[in-house]
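Observations on the model geometry
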Amino acid sequence: MRRKLALPLALAAAVLVAATACSSPSSSSSASGGSPGGSPGGSPGGSSGPNAENAAKVASSVTDYNPQPYENIKDGGTYTTAGTFDEQGNPFNVNGTLNSSRIWSWYNAHAITYSPTGEVQYNPDYYSDVKVSVEGGDQKVVITLNPKAVFNDGTPIDWRAIEATWKANNGSDKDYAASSTDGYDRITSVTRGADDKQAVITFKGVNASWSALFTTFLHPQAATVDNFNKAYVKTAHPEWGTGPYTVGTWDEHSGNITFVRNPNWWGRPGKLDKRVYVNLESAASINAFKNGELDYAPVGTAENLKQVRTVKDAEIRSGGSPFEYALYLNAKSPFLGDVQVRKAVQESIDRPQITKIRFQGLDYTEPLPGSAVLYSFQQGYQDNVAAVLKYDPQEARKTLDAAGWKPGADGIRAKDGKQLELGYTVLGDDPIEKATAGALTAMLKAVGVKVNVNKVSENDFSKVLSDRRFDLFISGNRSTDPFGARYLCDFYCSDRDSNITGAGTPELDKEIRATGEIADLGQQVAAVNKVEQKALQQYAFLPLYSGPSTYGIRKGLANVGATIFYSPLPETIGWQK
């Protein structure tokens, strides 16, 4: 699946959670556990923040999640947050979202995880040993699986699970609606090793970021075409899952979910009695937190920050953010099919103004993001957006003039008898979303483009993306592993369903895919930066901001908060002694 999982601005606050041990497949949409030799559940890297009360004081590399070792967590208790399941619950599927990964992570494997700064960690409850070698220029990875590891239905977790995950995601069978084939398509074979509990993975060439492919895995029965695409739609399959927790209740009517300890688990028991998701609109989470109904609430506005500070027995945790929010332009919609119109739209967007709206009252600033795949705090990052685009309304007017769009009496441009009208899709009642919609409407009106704001339910998020029910749409993505360069195709390849803008060309696709053949990560990043500048000239994707990860959290809740690339193992989440 993708390194990044799209979510709408209105839901962003509700799911800004590395904190919930949110794990994902093929990328690493999170997963984690103590690395061998490390302190399970503790901080394996990075630094812990000081329960910051002002997000502006937090550096992008700081973590703040009350790291505690397993033995310092109480037995028992409940951890409750806002959340529910999405239409597609299989996060390997192209329609899987961050919500899908969050829910998946509570009843499926966390086999490979990352420290806050991106170091690889193998979870010995699943992978007893991992050896990587290069023979004749081709990489071989030998994974020895824990002899005790089984799926909940009793099926051994062995080499067949690795093989099934590879086959479902490698792109050889187009009937699989896989989120991303990158990396899987460079594996030439997955075979049985010394015994069933050993998987031998052979690559064509070298893949330095291979670990992102097998952070979790599929039950072989779940990896048939029909089950991969349909079995997890609005439902769970705990019998195909594994881990310290399993599904207790899954209420399709209310959308509420409860996870309980798994009697089939061979590792350390989960510390919590229950992990509960309550289906609430994101705007309601702060009030629910204040009323004691939730133990955690994202803080996305100055007003929310003010309210959370008044809550007894609560604290604010804030740190770096592995998120990025962008404006998506649907290249398949009638007017935006013209790249010149898309270019003019982007030239009209005052990104600093959008960030002022987003961060109003937070006393927080950040550099404008310049890439879909790398953050400013990562090695090799460069501002590719600035290299190809600048905010220039006057230039936008010239662009539209040249494309044949002439201003009418009301200032709105027209061509061939049709006014230049675009729809901007808004999910839910989030006040920041409303303010952003107003700002974008004004910016585009100034150059002669009419914007119609279309409000839909937050529950329709998956459909908005999968069916491209938008002209303009702001959505966010969480980086699920530190290997951003390998996901360039997911954002920009014209033949990828994960490219929700629909833009791109076959010629550009070839250049993008060529970067995946570069074994050296430093050289790969340099090539990716060069190609991304070409991709950004499709003018369909415009990075807007990242922002801090800031949360209101009940005092005593351990291993929950701002973790960057780290996701504590589910069994280490709980209440501090």
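This one's a predicted model, so the numbers in the text were calculated from it and none came from an experiment.

1. Observations concerning the pattern of salt bridges
- All chains considered together, the criterion is met by 21 salt bridges.
- As a salt-bridge pair, Glu-571 and Arg-268 come within 3.8 Å of each other at their nearest N and O atoms. You can see Glu-571 sitting in the loop between strand S25 (557–558) and strand S26 (574–575) and its partner Arg-268 sitting in the loop between strand S12 (257–261) and strand S13 (274–278), a full 303 residues away along the chain.
- Judged by its relative accessible area of 2%, Glu-571 falls in the buried class.
- The salt bridge partner of Asp-481 is Arg-486, with a shortest N-O separation of 4.0 Å.
- For Asp-481, a relative accessible area of 0% corresponds to the buried category.

2. Digging into the sheet that holds strand S18 (residues 413–415)
- Strand order in the open sheet formed by 3 strands is S17-S18-S19, and the pairing between neighbours is antiparallel. With partners counted over all chains shown, the strands left at the sheet margins are strand S17 (406–407) and strand S19 (418–419), one partner each.
- With 2 bridges connecting them, S18 and S19 associate as antiparallel partners. Bridging from a neighbouring strand, Ala-414 pairs with Gln-419 of S19.

3. Let's talk about the sheet that holds strand S7 (residues 127–135)
- With antiparallel pairing, the 4 strands of this open sheet are ordered in space as S7-S8-S10-S9. Each having just a single partner strand, S7 and strand S9 (187–192) make up the two edges of the open sheet. Between one strand axis and the next, the sheet turns by 15° as a mean value, whatever way the strands run.
- When S9 meets strand S10 (residues 198–203), the two strands line up antiparallel, connected through 5 bridges. Bridge pairing links Arg-192 to Ala-199 in S10.

Calculation criteria
Residues numbered from 1 in each chain as written. Predicted model: local features only at pLDDT ≥ 70, side-chain atom pairs only at ≥ 80, totals over all residues. Heavy atoms only, no water. Salt bridge = Lys/Arg side-chain N within 4 Å of Asp/Glu carboxyl O. Helix = DSSP H or I, 4+ residues; strand = E, 2+ residues; numbered from the N terminus. Buried < 20%, exposed > 50% of the residue type's maximum accessible area, 1.4 Å probe, protein only. Pairing = 2+ DSSP bridges. Axes fitted to C-alpha atoms, helices over the stretch in contact; angles between N-to-C directions.

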